[in-house]
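# A structural walkthrough
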Amino acid sequence: MEMILATKSSTPIIGQLATVMGWIMDGIYRLLNIFGIQNIGICIVIFSILIYALMTPLQIKQQKFSKLSAIMQPELQKIQKKYKGKNDQASMQKMQEETQAVYQKYGVSPTGSCVQLAIQFPILMALYQVIYKIPAYVGSVRDILASAVTSITGVNGYTDILQQFITDNKMTRVQLIMDGSKATSNSVTDFLYALSPSQWKTLAETSQFAGFTDTLNSTAKEISHVQNFFGLNIADQPLTYIKAAFVGGSALLAIVAILIPILAWATQMINLKLMPQAAQQSGDSQQDAMMNSMKTMNLVMPLMSAVFCFTFPVGLGIYWVASAAVRSVQQVVINKKMD
């Protein structure tokens, strides 16, 4: 299972893009803070809307290519049928020339879709980095945890204390990153960000941290406030609330938690339904097999997102729901423009 790491991505291009997006996310948080709104969940929603709105020109170009590809398909199939079985160099060259003429006729490039995807891919990967590693990129959130991090890292043997805490509380999605024999400040920051309100309380009761209990309690109150989204802590997993409901926890929160995976699946399905659909049969067995494989993937991927949402932080689920909803609205507008 992938771990939550405070360390920023070092991947070329993606790392730089993520840093810029982190500034944007932090700017949104600071702007909302001016109006007395301190909520990371709302920031994620606004951030998703903003980034995907900025990506609209790329989406339009990609959808234009998809729409024209469907229109061009009969002409391209006719050329393929014309030269089927002719493998000599002259026929192959003629086929290539006629195919290129069709693309020129409709004003698109054969590699058009690949270019748009190549541009969008690092942007989407960077966007995911920011949402998945909030403290690493959003300075305002990291600042909330700074005093607690300083206090904890000042205690002798703090690494072993935190490691034992992680083991005792079964925090499987958190890993302490070491610098020599000590956990780095970044990994301590991530450890704190991943705590649930009840785990904060347990941490404050740790005997070795008795000298700064007030700091831990005040930090817990502040970070829990900004992590609250409709009663859910965005660092928690939906599955946590569902399990809690069976042992006397809030049934209402469990229902809200279940809605996250359901909405993640539903919004992605809606988005896929709105996407331009290729012709049902192309006449080319290899191409038909590829189309069938894509259809299967389109059914499986939203379902996998829903399954992952149960064990991933609520914040990531909010991002998936918000981004799919934005893409769906975007797709409706693009479809009208294309038609």
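Here the structure is a predicted model, which means the values were calculated and not measured.

Turning to the overall build of the chain, a few remarks are in order. Summing up its helical and strand segments, the chain has 15 helices and four strands in all. By principal-axis analysis of the C-alpha atoms, the chain measures approximately 85 × 45 × 40 Å. Of all 339 residues assigned to the chain, the portion counted as buried reaches 44%. The long-range share in the chain, meaning contacts at least 24 apart out of those at least 6 apart in sequence, stands at 74%.

What follows deals with the side chain of Thr189. Within the element layout of this structure, Thr189 appears in helix H9 (residues 185-193). Excluding its chain neighbours within four sequence positions, the residues that come into contact with Thr189 are Pro135, Arg142, Leu145 and Val149.

Here we take up the packing of aromatic side chains. Inspection of the entire model under this criterion finds five aromatic pairs. Note on Phe165 and Phe191: the rings are 5.6 Å apart at their centroids and 85° apart in plane angle, and the pair reads as edge-to-face. Taken as a pair, Phe165 in helix H8 (residues 158-168) and Phe191 in helix H9 lie far apart in primary sequence, 26 residues in all. Comparing Phe165 with Phe191, the two get one shared label, buried. Three or more aromatic residues joined by ring pairs form one cluster here, namely Phe308, Phe312 and Trp320.

What follows is about H8. For H8, the complete set of buried residues consists of Tyr158, Thr159, Ile161, Leu162, Phe165 and Ile166. One side of H8 holds all its buried residues, which, seen down the axis, span an arc of 165°. Those residues of H8 that are exposed and aimed more than 90 degrees away from the buried face are Asp160 and Asp168. In this fold, the buried residues of H8 make contact with helix H7 (139-153), strand S1 (178-179), strand S2 (182-183), H9 and helix H10 (197-204). One or two steps after H8, the chain reaches Lys170, where phi turns positive at roughly 55°.

By size, the foremost hydrophobic cluster in this structure holds 74 residues, and its most contacted members are Met25, Ile40, Ile152, Phe191, Leu192 and Leu203. Dropping the residues within four chain positions of it, Phe191 is found in contact with Leu162, Phe165, Ile166, Met171, Val174, Leu176 and Leu203. Counting residues in each nonpolar core, the second largest holds nine residues, with Phe65, Met72, Ile79 and Val102 among its members.

Along the chain, the position of Gln268 falls in helix H13 (residues 251-274). The buried category is assigned to Gln268, whose relative accessible area is 14%. When neighbours within four sequence positions are excluded, Gln268 is seen to be in contact with Pro302, Ser305, Trp320, Ala324 and Arg327.

In this fold, Tyr132 is placed in helix H5 (residues 112-132). A relative accessible area of 7% means that Tyr132 is categorised as buried. Separated by 69 residues in sequence, Tyr132 and Lys201 place their C-alpha atoms 24 Å apart.

Secondary-structure assignment places Ser305 in helix H14 (residues 285-311). Separated by 264 residues in the primary sequence, Ser305 and Gly41 place their C-alpha atoms 19 Å from one another. Apart from the residues within four sequence positions on either side, Ser305 is in contact with Gln268 and Trp320.

Attention shifts here to the confidence of the model for the chain. Taken over all residues, the pLDDT of the chain has a mean of 85, while the share at 70 or more is 91%. Looking over the chain, one finds the lowest element-wise mean pLDDT in H5, namely 76, and the highest in helix H11 (residues 213-227), namely 95. Here residues 1-5 scores under 50 on pLDDT; set against residues more than four positions off or in separate chains, the count is 16 contacts.

Bringing the packing of H7 against H11 into the picture now. As a packed pair, H7 and H11 sit with axes 10 Å apart at the nearest point and diverge in direction by 160°. When the axis of H7 is compared with that of H11, the two are roughly antiparallel. Both H7 and H11 take part in a crossing whose hand is left-handed. Along its contact with H7, which presents Val141, Ile144, Leu145, Ser147, Ala148, Ser151 and Ile152, the element H11 presents Thr215, Leu216, Thr219, Glu222, Ile223 and Val226. When the residues that make up the contact of H7 with H11 are grouped by side-chain class, the tally is eight nonpolar, four polar and one charged.

Further remarks concern the pattern of salt bridges. One pass over the full model with this rule turns up three salt bridges. Linking Asp26 and Arg30 is a salt bridge whose minimum nitrogen-to-oxygen distance equals 2.8 Å. You can see Asp26 and its partner Arg30 sitting in helix H1 (residues 14-34), four residues apart, about one turn around the helix. Here Arg30 falls in the partly exposed class, since its relative accessible area comes to 45%. Of the charged contacts, one joins Glu75 and Lys105 as a salt bridge, the two residues approaching to 3.3 Å between their closest N and O atoms.

Right, let's get into H11. Given a rise of 1.5 Å per residue, 15 residues ought to cover 21 Å, and the 21 Å separating the end C-alpha atoms of H11 matches this to within 8%. Buried within H11 we find Leu216, Thr219, Ala220, Ile223, Ser224, Val226 and Gln227. Down the axis, H11 shows its buried residues gathered within 160° of arc, on one side only. Turned more than 90 degrees from where H11 packs its buried face, Asp214 and Lys221 sit exposed.

Rules and cut-offs
- Residue positions within a chain follow its written sequence, with the count starting from 1.
- Only residues with pLDDT of 70 or above have their local features reported here, since the model is predicted, and side-chain atom pairs are shown and tallied only from 80 upward, although totals for entire chains, interfaces and linings are computed over all residues.
- Excluded from the side-chain calculations are hydrogens and water; all other atoms, namely the structure's heavy atoms, are used.
- Counting from the N terminus, the helices are DSSP H or I runs at least four residues long and the strands are E runs at least two residues long.
- Partly exposed residues are those whose accessible area sits between 20% and 50% of the maximum for their type, while under 20% is buried and over 50% is exposed, using a 1.4 Å probe and protein chains only.
- Note on definitions: a residue-residue contact is assigned when non-hydrogen atoms from the two residues lie within 4.5 Å.
- The rule is short: rings of Phe, Tyr and Trp, with Trp giving its six-membered ring, pair when the centres are within 6.5 Å, and they are stacked under 30 degrees, edge-to-face over 60, tilted in between.
- Working definition: the arc comes from the directions between the helix axis and the C-beta atoms, pointing outward to the latter.
- Only buried Ala, Val, Leu, Ile, Met, Phe, Trp, Tyr and Cys residues count toward a nonpolar core, and they belong to the same one when joined by side-chain atoms within 4.5 Å.
- The pLDDT value tells you how sure the predictor is about a given residue, anywhere from 0 up to 100.
- A fitted line through C-alpha atoms represents every axis, and for helices the fit uses only the stretch in contact; the resulting angles, taken between N-to-C directions, go from 0 to 180 degrees.
- Roughly parallel refers to an angle under 35 degrees, roughly antiparallel to one over 145, roughly perpendicular to one between 65 and 115, and oblique to any angle outside these ranges.
- Handedness of a crossing follows from how the near helix is turned relative to the far one, being left-handed for an anticlockwise turn of less than a right angle and right-handed for a clockwise one.
- Residue classes follow a fixed rule: Ala, Val, Leu, Ile, Met, Phe, Trp, Tyr, Cys and Pro count as nonpolar, while Asp, Glu, Lys and Arg count as charged, and any other residue, Gly among them, counts as polar.
- Criterion for a salt bridge: a side-chain nitrogen of Lys or Arg within 4 Å of a carboxyl oxygen of Asp or Glu.
- The span one expects for a helix is its residue count, reduced by one, times 1.5 Å.

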